[in-house]
Amino acid sequence: QVQLVESGGGLVQPGGSLRLSCAASGDIFSIIAMGWYRQAPGKQRELVASITTNGNSNYADSVKGRFTISKDNAKNTVYLQMNSLKPEDTAVYYCNRASNFKFPWGRGTQITVSS
């Protein structure tokens, strides 16, 4: 089965930036759409950004204009550039297939936005 490993999280002040990476164990991003999800304590997991096989992206209203999803098929890696971070962005961030058919979830990476 495909394995997904997220990295790049940490503690950042409001208004700061982080770039997350999602590395996959196989050559999959050329044939499947991928997304970044997040889950805050006490809240449902939500899709915040997705990217199609052709490289077209879509974003949740809450992050549009601040986050950018991209990918490098040759490196089997999906990225999430997060700018102008807000405290409400605090969550564990995961990557996975942007469909109802998911790979096993990775451990995610924690993003904490606080002063």
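This text goes with the structure placed above it.
Within each chain, residue numbers correspond to sequence positions counted from 1 in written order. Totals for whole chains, interfaces and linings use all residues, but because this is a predicted model, local features are given only for residues with pLDDT of at least 70 and pairs of side-chain atoms are given and counted only at 80 or more. No hydrogens and no water enter the side-chain calculation; it runs on all heavy atoms of the structure.

**Q** Mind showing me how you'd approach the sheet that holds strand β5 (residues 46–51) here?
**A** Hydrogen bonds between backbone atoms are what pair the strands of a sheet, whose relative direction is either parallel or antiparallel. Across the sheet, six strands lie side by side as β2-β10-β9-β4-β5-β6; this open sheet has mixed pairing. Strands with a single pairing partner mark the edges of an open sheet, and in this sheet they are β2 (10–12) and β6 (57–59). Sheet twist, expressed as the mean angle between neighbouring strand axes with direction ignored, is 25 degrees. When β5 meets β6, the two strands line up antiparallel, connected through three bridges. From the neighbouring strand, I51 faces β6, where its bridge partner is S57. Only strands that DSSP links by at least two bridges are regarded as paired with each other. Secondary structure counts use DSSP, requiring at least four H or I residues in a row for a helix and at least two E residues in a row for a strand, with both numbered from the N terminus. Here the axes come from fitting lines to C-alpha atoms, over the contacting stretch only for helices, and the angles between their N-to-C directions go from 0 to 180 degrees.

**Q** What's the story with the packing of aromatic side chains in this structure? I'm lost.
**A** Here the distance between the centres and the angle between the planes together describe a pair of aromatic rings. The rule is short: rings of Phe, Tyr and Trp, with Trp giving its six-membered ring, pair when the centres are within 6.5 Å, and they are stacked under 30 degrees, edge-to-face over 60, tilted in between. Taken as a whole, this structure holds two aromatic pairs when the rule is applied. On the basis of an interplanar angle of 85 degrees and a centroid distance of 5.4 Å, the ring pair of Y37 and W105 is categorised as edge-to-face. Of the two residues, Y37 sits in strand β4 (residues 34–39) while W105 sits in the loop between β9 (91–97) and β10 (109–113), which places them 68 residues apart along the sequence. In this scheme, a residue with accessible area under 20% of its type's maximum is buried, one over 50% is exposed, and one in between is partly exposed, where area comes from a 1.4 Å probe on protein chains only. Looking at W105, the relative accessible area reads 31%, which means it is partly exposed. Pairing Y94 with W105 gives two aromatic rings, centres 5.8 Å apart and planes at 80 degrees, and the pair type is edge-to-face. Highlighted residues: Y94 in strand β9 and W105 in the loop between β9 and β10, separated in sequence by eleven residues.

**Q** In this structure, what is going on with the environment of A91? I would like to understand it.
**A** Relative to the elements of secondary structure, A91 occurs in strand β9. Expressed as a C-alpha distance, the spacing of A91 and M34, which sit 57 residues apart in the sequence, is 19 Å. We call two residues in contact whenever any of their non-hydrogen atoms come within 4.5 Å of each other. With sequence-adjacent residues up to four places away left out, A91 is seen in contact with R38, Q39, A40, T109, Q110 and I111.

**Q** How should I be thinking about the pattern of salt bridges in this particular structure?
**A** Any two side chains of opposite charge can pair if their charged atoms end up close together. Salt bridge, as used here, is a side-chain nitrogen of Lys or Arg placed within 4 Å of a carboxyl oxygen of Asp or Glu. As enumerated under the stated definition, the model contains three salt bridges in all. In this structure, the salt-bridge partner of R38 is E46, at a minimum N-O distance of 2.8 Å. A relative accessible area of 33% places E46 in the partly exposed class. The closest approach of N and O atoms between R66 and D89, which form a salt bridge, is 2.8 Å. Residue R66 is located in the loop between β6 and β7 (67–72), and its partner D89 is located in the loop between β8 (77–82) and β9; the two are separated by 23 residues in the primary sequence.

**Q** Sorry, what's going on with the sheet that holds strand β3 (residues 18–24) here?
**A** Spatial strand order, β1-β3-β8-β7: four strands in an open sheet with antiparallel pairing. Only two strands of the sheet have a single partner each, and these edge strands are β1 (4–7) and β7. Between one strand axis and the next, the sheet turns by 15 degrees as a mean value, whatever way the strands run. Judged from the six bridges that link them, β3 and β8 form a sheet pairing that is antiparallel. Along β8, the bridge assignment pairs S21 with Y79.

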